[in-house]
Amino acid sequence: MPTLPKYLDFDLAIQRSGEQLRVRVLNSPGGQADAPFVLPFSTDKLENLILHMGHTRTKTRSSNSKQMQAAKELGGGLFHALLNETVARCWETSLTIAAERRVGLRVRLRLNEAPELADLPWEYLYDDSPLNRFYHLSKETPLVRFLELADPPVALTVTPPLNILVIISSPKDDEYVPLDVSKEESLLREALSDLEQSGLVTITRLSKPTLSALQSELRDQEFHILHFIGHGQFDSERGRGFLIWEDDQHASVRVDGERFARLIKDHGSLRLVLLNACEGARPTLSDPFGGFAQRIIQQGIPAVIAMQFEITDQAAIAFAREFYAALADNYPVEAALAEARKAIYALPNETEWGTPVLYSRAPDGIIFNVQGAPQPLAVPTPRPGQEPADANAAPAGTRQGDRRTPLAPAPAVTDTSPQSPAMDEFNPVGRWNIQVQDMVGSRLFVEFNLNGTFQMMQQVGLYQVPVNGSWSYNPLTRQLSLQGVVNTFQPFVLLMTLGGALPDGYGAVGNDGIGYVLTPASSN
């Protein structure tokens, strides 16, 4: 079986400090850092570079060497503006640590406090010296435009195939260029024919591109992915992005992200929306959730891929084929996108690979757990200065499907506190005190609920921090997994392997090498 990509995280944010902007490394293997951010281009210069790359908001051009030169100039300017001074040193240290551990380094870029910068094509970040490298053209260093929200999603366990609902909208208004609907469908089916024949995906085209037809289809069948092909539009005055749907008379209907998301949010199997529509990724200058893709994320969909420029048919076919194949192989969504970028680049096509943009709120990028495909392993984030673990050793925690439901269903209980210290009877449901064997003697006060959620208060010295999320326990591997958010926005992941019963509780070792003692709250 192939080895799946595994990542450490490099969490970057551009934030306001008075009248200035600053780049901050919130978390990384190389520690934290802070430096000023100055936009390297004027508006005119930026538009000229995008034009020379062959991209505009209304037209797509073929590739040539001038396009690559423009892409390098644009990406190099953004790279040096974003990764400068102490941030650059933190980045280099993090790359070294990731290489030693033989894992990738995932860049999670947060622009909530600087939404006016979300319209920049960060996907082209380019290191001109000494590596001559577009970082995000590699699955080793993918980019996620990360939108951190409460209640982070967990992987959905799927028995193949992945069901894709395709929506092709081409209203008959003079305002919009008509699409060859039959051609669009045949191109997508051709791109995915091998996956469909292998039983890895199914493709269902929505009979009519109307909202009522969508609602009916979602009620009748379970889908995992929505793939929209059509026109997009951005209304600068209203600060909203729209997709152009049809009504029953084939006239155009503008649908914004909030309206669309509210129609699909009740369908828990839907984990990804892919928008092959121009301006689907375009944000507002003042609202981090003003664009169509961003609004869908805000309403609860784990991941959205949208296009920041138009994309040619040839690039779209290569993209779909490689992206869905990697997703069916259990790749994290950002790794699958990086594979699709390389497929476009190999056409050859020098710059369209940067057209897709990934917005996600999935902390580890894993939105599906496809049964029968390789299973991803969690990777602990080392503390600065910590000796990297043996790269050949299996991490302590292994993802085991959808963590909304415990893997070992707990028996009915009448007391909310755990009772038995016997290892083979360990049942997490209830209240626990967890002593952390670190240098500051941290403690965790946790209540594990029967429905697979938990509430925690993390105490470090005099400080207490709330954590909420979901949990799972695998009795075969004795692994207890917690994933959630700290203070409603900061990701929290803890994987513990129970080592044995103690007189009044259980000992455990985390995937970070730290020891834990779990004691039922009633006996503490």
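If you're wondering where the values come from, they're calculated on a predicted model, not measured in any experiment.

**Student:** Can you help me understand helix 10 (residues 333-345) in this one?
**Tutor:** In an α-helix, one turn spans 3.6 residues; hence positions three or four apart end up facing the same way. In this model helix 10 runs 19 Å from its N-terminal to its C-terminal C-alpha over 13 residues, within 8% of the 18 Å that 1.5 Å per residue would give. Looking only at helix 10, the buried set comprises Val-333, Glu-334, Ala-335, Ala-336, Leu-337, Ala-338, Glu-339, Ala-340, Arg-341, Ala-343 and Ile-344. As for helix 10, its buried residues are in contact with strand 1 (7-17), strand 4 (104-110), strand 7 (143-146), strand 16 (303-307), helix 9 (313-328) and strand 17 (356-360).

**Student:** Sorry, what's going on with the packing of aromatic side chains here?
**Tutor:** Each pair of aromatic rings is reported with the distance of its centres and the angle of its planes. Taken as a whole, this structure holds 18 aromatic pairs when the rule is applied. Judged by centre distance (4.9 Å) and plane angle (55°), the rings of Tyr-124 and Trp-353 are tilted. In this pair, Tyr-124 is assigned in the loop between strand 4 and strand 5 (126-127) and Trp-353 in the loop between helix 10 and strand 17, connecting sequence segments 229 residues apart. Accessibility classification places Tyr-124 together with Trp-353 in one group, the buried group. Seen from their ring centres, Phe-448 and Phe-454 are 6.4 Å apart, and the 55° between their planes marks the pair as tilted. A residue is classified by how much of its surface remains accessible, and Phe-448, at 2% relative accessible area, is buried. An aromatic cluster is built from Phe-10, Phe-79, Trp-91 and Tyr-135, whose rings are joined through pairwise contacts. Here Arg-108 stacks its cationic end above the ring of Phe-146, 4.5 Å away from the centre of that ring.

**Student:** Hey, could you run me through the sheet that holds strand 12 (residues 232-235) in this one?
**Tutor:** Within a sheet, neighbouring strands are paired by backbone hydrogen bonds and run either parallel or antiparallel to one another. Here three strands make up an open sheet; going across it, the order is 12-13-14 and the pairing antiparallel. Lying at the two open borders of the sheet, with one neighbouring strand each, are strand 12 and strand 14 (252-256). Mean inter-strand twist for the sheet, computed between neighbouring axes without regard to direction, equals 35°. The pairing of strand 12 with strand 13 (residues 240-246) spans four bridges and is antiparallel. Pairing of Phe-234 across the sheet is with Gly-241, part of strand 13. Sitting on the sheet, helix 7 (residues 257-264) touches strand 13 and strand 14, and the angle it makes with strand 14 is about 80°.

**Student:** I keep staring at empty space enclosed by the protein and nothing clicks. Help me out?
**Tutor:** A water-sized probe, rolled over the atoms, reveals where empty space remains. Here the structure, examined in full by the defined rule, presents five cavities of 30 Å³ or more. Here the largest cavity is characterised by a volume of approximately 130 Å³. Looking at the largest cavity, it is lined by 14 residues, and the ones nearest its centre are Leu-188, Ile-229, Asn-276, Ala-316 and Ile-317. Top element by residues in the lining of the largest cavity is helix 9. It accounts for five residues.

**Student:** How do you make sense of the nonpolar core when you look at a structure like this?
**Tutor:** One broad trend across soluble globular proteins is that nonpolar side chains are buried collectively. Leu-12, Ile-14, Trp-122 and Phe-323 are the most contacted members of the largest nonpolar core, which has 96 residues in total. Looking at this core, the element that brings in the most residues is helix 9, giving 10 residues. Non-local contacts of Phe-323, meaning those with residues more than four positions away in its chain, are made with Leu-272, Leu-274, Ile-305, Val-333, Ala-336, Leu-337 and Ala-340. Leu-147, Val-273, Val-304 and Val-357 belong to the second-largest nonpolar core, a separate cluster that totals 29 residues.

**Student:** Which parts of the structure should I look at to understand unusual backbone geometry?
**Tutor:** Backbone geometry follows two general trends: most residues other than glycine have a negative phi, and most peptide bonds adopt the trans configuration. Of the consecutive residues Pro-160 and Pro-161, the connecting peptide bond is found in the cis state with omega at 15°. Look at the link from Leu-347 to Pro-348: it is a cis peptide, with omega at 10°. Examined against the element boundaries, Pro-348 turns out to sit in the loop between helix 10 and strand 17. A positive phi angle, close to 50°, is found at Glu-85, a residue other than glycine. Inspection of the secondary structure assignment puts Glu-85 in helix 3 (residues 85-100). A positive phi angle is found at Arg-102, which is not glycine, with a value near 60°. Mapped onto the secondary structure, Arg-102 falls in the loop between helix 3 and strand 4.

**Student:** Looking at this structure, I do not really get the confidence of the model for the protein chain. What am I missing?
**Tutor:** Detail in the predicted coordinates should be disregarded across regions flagged by low pLDDT. Per-residue pLDDT for the protein chain has a mean of 83; in total, 83% of the residues score no lower than 70. The model gives residues 56-64 a pLDDT under 50, and that stretch makes 25 contacts with residues more than four places away or in other chains.

**Student:** Teacher, can you tell me more about the sheet that holds strand 17 here?
**Tutor:** Sheet architecture is open: 11 strands sit in the order 3-2-1-4-7-17-16-15-11-9-10, paired in mixed fashion. Looking at which strands have only one partner, the edges of the open sheet turn out to be strand 3 (33-37) and strand 10 (201-205). Across the sheet, the mean angle separating the axes of adjacent strands is 25° when strand polarity is ignored. With three bridges connecting them, strand 4 and strand 7 associate as parallel partners. Directly across from Val-107, in strand 7, lies its bridge partner Leu-143. Sitting on the sheet, helix 10 touches strand 1, strand 4, strand 7, strand 16 and strand 17, and the angle it makes with strand 17 is about 180°.

**Student:** I would appreciate a short explanation of the packing of helix 1 (residues 43-52) against helix 2 (residues 65-82) in the present structure.
**Tutor:** Axes are the key here: two packed helices are described by the angle between their axes and the distance separating the axes. Where helix 1 contacts helix 2, the two axes come as close as 8 Å, and the packing angle between them is 145°. As helix 1 runs across helix 2, the sense of the crossing is left-handed. On the side of helix 1, the interface is formed by Lys-45, Leu-46, Leu-49, Ile-50 and His-52, while helix 2 contributes Lys-66, Gln-67, Ala-70, Glu-73 and Leu-74. A per-class count over the contact of helix 1 with helix 2 returns five nonpolar, two polar and three charged.

**Student:** Sorry if this is basic, but what is going on with helix 4 (residues 181-191) here?
**Tutor:** Looking only at helix 4, the buried set comprises Val-181, Glu-184, Glu-185, Leu-187, Leu-188 and Ala-191. Down the axis of helix 4, the buried side of the element spans an arc of 160°, and every buried residue falls inside it. More than 90 degrees from the buried face of helix 4, the exposed residues found are Ser-182 and Glu-190. Residues of helix 4 that are buried make contact with strand 9 (162-168), helix 5 (193-197), strand 10, strand 11 (225-229) and helix 9.

Rules and cut-offs
- Residues numbered from 1 in each chain as written.
- Predicted model: local features only at pLDDT ≥ 70, side-chain atom pairs only at ≥ 80, totals over all residues.
- Heavy atoms only, no water.
- Helix = DSSP H or I, 4+ residues; strand = E, 2+ residues; numbered from the N terminus.
- Expected span 1.5 Å × (residues − 1).
- Buried < 20%, exposed > 50% of the residue type's maximum accessible area, 1.4 Å probe, protein only.
- Contact = heavy atoms within 4.5 Å.
- Phe/Tyr/Trp six-rings, centres within 6.5 Å; stacked < 30°, edge-to-face > 60°.
- Lys NZ or Arg CZ within 6 Å of the ring centre and 35° of its normal.
- Pairing = 2+ DSSP bridges.
- Axes fitted to C-alpha atoms, helices over the stretch in contact; angles between N-to-C directions.
- 1 Å grid on protein atoms, 1.4 Å probe; cavity = no way out; pocket = protein on both sides within 12 Å on 5 of 7 lines; lining within 4 Å.
- Points joined across faces, edges and corners; volume = space filled by probe spheres on them.
- Core = buried A, V, L, I, M, F, W, Y, C linked by side-chain atoms within 4.5 Å.
- pLDDT = per-residue confidence, 0-100.
- Left-handed = near helix turned anticlockwise from the far one by under 90°.
- Nonpolar A, V, L, I, M, F, W, Y, C, P; charged D, E, K, R; others polar.
- Arc of directions from axis to C-beta.

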